[in-house]
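Residue-level structure breakdown
Below, each chain spelled out in residue letters.
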Amino acid sequence: MFKVKCAQKLREQGLRLYNLSIGLTDRSEEPYATHIPVLIGVAAAIKPKILIEFGCGTFSTLSFQDEVVFPSLERVESYENDGAWFDQIRKTLRSSAKIHPQLVEGAMHRAVHAASTHRAGMIFIDDSPSTRERALSVAEVARCCGAEPVAVVHDSDLWRLRLATRKFEHRVQFKAFNPQSRSEERRVGKECRSRWSP
């Protein structure tokens, strides 16, 4: 038992040192909300009318209802594959013609084809507590949606997600919106590149 605990401590310290070496900070005290400043900043810059969300969220889905924070949004298609979580979010949503939650069967990456990703101005991916599953969704969005929508990937600093985001032609890391959040990577369409240039 002692050897296992020592090995686990060494792994944790090694990962912490690796993260520091590539510029990552410790997780925020509220890691489920770190993407909200990034979503607000990106939406303010590109003014999407249609947003597709893979993975309903207490913070994201409910925030998308706020017309002051997201004034350009006309339609939000939010896909979820966990039935209990889907029901919980639906109960929390106020009635809105803007938010369209959809329960999907099976793995989320299979729902990408059913979504009209080519119509979206912005795509948000935060669909699974498993980085392996979310990486499949990221890769599928990169493969299917072409160069137009901007995709925001939550927790993109996790190694599987970092690898999956490499499938996007253009990527930008955001650290300035929320210094306690982990880095966020975005894919930027050809017409949007100048907006992100220094």
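How each quantity is defined
Residues numbered from 1 in each chain as written. Predicted model: local features only at pLDDT ≥ 70, side-chain atom pairs only at ≥ 80, totals over all residues. Heavy atoms only, no water. Pairing = 2+ DSSP bridges. Helix = DSSP H or I, 4+ residues; strand = E, 2+ residues; numbered from the N terminus. Phe/Tyr/Trp six-rings, centres within 6.5 Å; stacked < 30°, edge-to-face > 60°. Buried < 20%, exposed > 50% of the residue type's maximum accessible area, 1.4 Å probe, protein only. Patch = residues over 30% accessible without salt bridge, like charges linked within 9 Å, V, L, I, M, F, W, Y side chains within 5 Å. Areas by Shrake-Rupley, 256 points an atom, 1.4 Å probe, with all protein chains shown as cover. Salt bridge = Lys/Arg side-chain N within 4 Å of Asp/Glu carboxyl O. pLDDT = per-residue confidence, 0-100. Contact = heavy atoms within 4.5 Å.

Regarding the pairing of strand E3 (residues 99-103)
Across 5 bridges, the pairing between strand E2 (residues 75-80) and E3 is parallel. Directly across from Glu77, in E3, lies its bridge partner His100.

Observations concerning the packing of aromatic side chains
Where two aromatic rings form a pair, the distance of their centres and the angle of their planes describe that pair. Evaluation of the coordinates by the stated rule reveals 2 aromatic pairs. On the basis of an interplanar angle of 70 degrees and a centroid distance of 5.1 Å, the ring pair of Phe64 and Phe70 is categorised as edge-to-face. What makes Phe70 buried here is its relative accessible area of 2%.

A look at a nonpolar patch on the surface
Together, Ile40, Val68 and Val69 give the surface a local cluster of nonpolar side chains, amounting to about 250 Å² of exposed area. Relative to the helices and strands, Ile40 resides in helix H2 (residues 36-46).

As for the confidence of the model for the protein
Atom-level detail of predicted coordinates should not be read off regions where pLDDT is low. Here the protein averages 76 in pLDDT, while 70% of its residues score no lower than 70. Low pLDDT, under 50, characterises residues 176-198; the predicted model gives this stretch 85 contacts beyond four residues in sequence or across chains.

Brief notes about the pattern of salt bridges
Tallying each qualifying case throughout the model produces 4 salt bridges. Between Glu77 and Arg119 there is a salt bridge; the shortest N-O distance is 3.2 Å. Note that Glu77 is positioned in strand E2 and Arg119 in the loop between E3 and strand E4 (122-125), a separation of 42 residues in sequence. Under the relative-accessibility criterion, Glu77 is labelled buried at 4%. A relative accessible area of 42% means that Arg119 is categorised as partly exposed. Where Arg143 meets Glu140, a salt bridge forms, and the shortest distance between an N and an O atom there is 2.8 Å. Of this pair, Arg143 and Glu140 both sit in helix H5 (residues 131-144), 3 residues apart, which is roughly one turn of that helix. For Arg143, a relative accessible area of 59% corresponds to the exposed category. In this structure Glu140 comes out as buried when scored by relative accessible area, which is 13%.

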